[in-house]
Amino acid sequence: MGEIDPAFIQATDQRPKLNPTNPVADEIPIIDLSVLSSPDETRKVVSEIGHACKNWGFFQVINHGVPLELARKIEEVAKTFFELPAEEKKKVKRDMLNALGYHDGENTKNVRDWKEVFDFLVEDETLVPASPEPDDKELRKLTNQWPQYPPEFREVCQEYARAVEKLAYKLLGLIALGLDQPENRFNDYFKDQQTSLVRFNHYPPCPFPHLALGVGRHKDAGALTVLAQDDVGGLEVKRKSDGEWIPVTPTPNAYIINVGDIVQVWSNDKYESVEHRVVVNSEKERFSVPFFFFPAHHVMVKPLEELLSDENPAKYREYNWGKFYATRNRSDFKKQEVENIQIHHFRLPE
Ligand SMILES: O=C(O)CCC(=O)C(=O)O
Ligand SMILES: [Fe+2]
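Here is what the cut-offs are and how they apply
Residues numbered from 1 in each chain as written. Chains lettered and ligands numbered in written order. Predicted model: local features only at pLDDT ≥ 70, side-chain atom pairs only at ≥ 80, totals over all residues. Heavy atoms only, no water. UniProt positions renumbered as here; feature names shortened; annotations may be inferred. Donors = N, O, S within 2.8 Å, 3.2 Å for Na, K, Ca; no water. Helix = DSSP H or I, 4+ residues; strand = E, 2+ residues; numbered from the N terminus. Buried < 20%, exposed > 50% of the residue type's maximum accessible area, 1.4 Å probe, protein only. Contact = heavy atoms within 4.5 Å. Polar contact = N/O pair within 3.5 Å; in protein donor to acceptor, adjacent residues only side chain to side chain. 1 Å grid on protein atoms, 1.4 Å probe; cavity = no way out; pocket = protein on both sides within 12 Å on 5 of 7 lines; lining within 4 Å. Points joined across faces, edges and corners; volume = space filled by probe spheres on them. Nonpolar A, V, L, I, M, F, W, Y, C, P; charged D, E, K, R; others polar. Pairing = 2+ DSSP bridges. Axes fitted to C-alpha atoms, helices over the stretch in contact; angles between N-to-C directions. Near = heavy atom within 4 Å. Areas by Shrake-Rupley, 256 points an atom, 1.4 Å probe, with all protein chains shown as cover.

Checking UniProt for the protein chain, the heading Sequence similarities (unreviewed entry) contains the comment "Belongs to the iron/ascorbate-dependent oxidoreductase family."

Shown next as structure tokens:
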């Protein structure tokens with residue numbers, strides 16, 4: 001079996017319980033979006049989503065409108081790409097200057113993840129801050145790197161991104177309605193300059209599943225994540241009621257949705273961005289495809305003024321999305337001495 005590279009070893013208190021004695025897997029709400037044409041049913045879905053965002057930070061959707069054929073194609077091109085020889089994948093390797101493309105050395109909270117990834121932007125030219133430094137006003141244009149193989153890779157990726165983007169807007173609208181706001185309340189933050197990203201995650205079988213994680217515990221920084229996973233399983237969500245790690249059972253053709261840090265701040269903590277992680281196993285590889293719905297770099301994130309009152313004062317001061325994300329990513333390549341930036345760093349005293 002050999003030795004594990006110590007960079008992958010999780011601290012004792014972060015290691016997964018494999019074969020948990022009491023797996024409670026089916027609690028994360030599954031919400032059917034096929035009924036959205038009737039106003040009564042829409043109200044019901046809005047309320048179900050609101051409850052899920054409040055109690056879990058996670059839910060699954062079925063009958064979501066993303067064509068199954070497209071979901072099948074995206075899984076196929078992702079698999080074909082990861083099967084390429086390392087030197088082929090490295091032709092589109094991400095580096096300090098270009099954050100897009102292939103990467104196999106990501107850290108989450110300074111421990112190496114047991115995975116390889118491929119990232120692409122939903123908008124092929126995306127403006128972001130040139131550096132995380134608060135006073136540096138320079139912007140940089142990011143562009144995608146596309147592999148030559150498989151030849152249909154780029155087209156399938158772009159088609160998939162457009163289809164999931166539609167679903168992401170739909171969900172954002174339902175979340176806005178649940179906060180008693182107009183359905184399009186958040187749309188302007190994304191229009192034209194969204195910084196959204198699609199990621200292919202490949203978790204190879206791991207001989208040390210008790211020591212390493214596919215992705216260490218983290219919260220997603222954006223507004224929403226729309227995640228496709230295969231039938232292997234491995235995603236675990238930290239249950240709000242007791243802090244237990246709960247596996248999310250794969251549901252065929254469903255997307256897993258979680259609210260990110262931005263929705264937590266917009267909702268002034270009504271909804272919570274919940275920690276999650278990925279457990280690996282020694283037998284099967286696993287694929288997942290998150291769509292990270294991110295606003296434009298210039299968006300200042302703060303609690304919605306419409307929700308605030310004397311009884312519900314703002315819990316956060318505003319922060320700039322582009323700088324927040326640039327700061328968060330600084331630790332992907334190098335171990336950092338300080339904790340990753342988190343929204344609690346912007347929390348106002350009670
Ligand atoms: O692979 C998964 O199921 C989740 C991955 C994840 O949480 C992430 O990439 O942010
Ligand atoms: Fe995540």
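That was the structure; now back to the text.
J.: Would you take a moment to explain the coordination of the iron ion (ligand 2) for this structure?
T.: Perfect tetrahedral coordination of a metal by four donors corresponds to 109.5 degrees between them, and perfect octahedral coordination by six donors corresponds to 90 or 180 degrees. For the iron ion (ligand 2), every protein donor is listed as His 218 (NE2), Asp 220 (OD) and His 276 (NE2), and the spread of their distances is 2.1 to 2.2 Å. Taken in chain order, the donor set of the iron ion (ligand 2) reads H-x1-D-x55-H. Pair noted here: Asp 220 is in the loop between β10 (215-218) and β11 (224-229) and His 276 is in strand β15 (residues 276-278), with a separation of 56 residues, a long-range link. Judged on exposure class, the residue Asp 220 and its partner His 276 are both buried.

J.: Is there a simple way to think about the environment of Glu 116 in this case?
T.: Within the secondary structure, Glu 116 sits in strand β6 (residues 116-121). Given a relative accessible area of 8%, Glu 116 falls into the buried group. With 83 residues separating them in the primary sequence, Glu 116 and Arg 199 have C-alpha atoms 10 Å apart. If near-sequence neighbours (up to four positions away) are discounted, Glu 116 is found in contact with Phe 82, Lys 89, Tyr 102, His 103, Asp 104, Phe 200, Asn 201 and His 202.

J.: Is there a simple way to think about the side chain of Gln 145 in this case?
T.: Within the secondary structure, Gln 145 is located in the loop between β8 (139-143) and α4 (153-178). There is a polar contact of 3.5 Å between the side chain of Gln 145 and the backbone oxygen of Val 92. Looking at Gln 145, its side chain comes within polar contact range of the main-chain oxygen of Leu 100, at 2.9 Å. Among residues more than four places away in sequence, those in contact with Gln 145 are Lys 91, Val 92, Lys 93, Arg 94, Asn 98, Leu 100, Gly 101 and Phe 118.

J.: What should I look at first to understand the layout of surface pockets in this one?
T.: If you roll a probe as big as a water molecule over the atoms, it shows you where there is empty space left. By volume, the second largest pocket is sized at about 470 Å³. Lining the second largest pocket we find 23 residues, and of these Ala 71, Glu 75, Gln 229, Asp 230 and Asn 253 sit closest to its centre. At the level of elements, α2 (68-83), β11 and β16 (286-293) are the ones that each hand at least two residues to the lining of the second largest pocket. Of the residues forming the lining of the second largest pocket, the biggest block, 6 residues, is contributed by α2. Looking at the lining of the second largest pocket residue by residue, the classes come out as 12 nonpolar, 5 polar and 6 charged.

J.: Before we go on, may I ask you to explain the sheet that holds β16 in this structure?
T.: Pairing between the strands of a sheet comes from backbone hydrogen bonds, and it takes one of two forms, parallel or antiparallel. Pairing within the open sheet is mixed, and its 8 strands lie in the order β1-β2-β14-β11-β16-β9-β6-β3. Each edge of the sheet is formed by a strand with only one pairing partner; in this case those strands are β1 (30-32) and β3 (101-103). Adjacent strand axes in the sheet meet at a mean angle of 25° when their direction is disregarded. α2 rests against β3, β6, β9 (197-203), β14 (255-259) and β16 of the sheet, and its axis sits at about 60° to β9.

J.: Mind showing me how you'd approach the site of ligand 1 here?
T.: Around ligand 1, the surrounding shell consists of Asn 201, Tyr 203, His 218, Asp 220, Leu 227, Leu 235, His 276, Val 278, Arg 286, Ser 288, Pro 290 and Phe 292. His 276 is positioned such that a nitrogen or oxygen atom in its side chain is 3.1 Å from an oxygen atom of ligand 1. In the complex, 95% of the free accessible area of ligand 1, which totals 290 Å², lies under the protein chains. For the shell around ligand 1, the elements supplying multiple residues, two or more each, are β9, β15 and β16. If you tally residues by element for the shell around ligand 1, the top one is β16, at 4 residues. When grouped by side-chain class, the residues that make up the shell around ligand 1 number 6 nonpolar, 4 polar and 2 charged.

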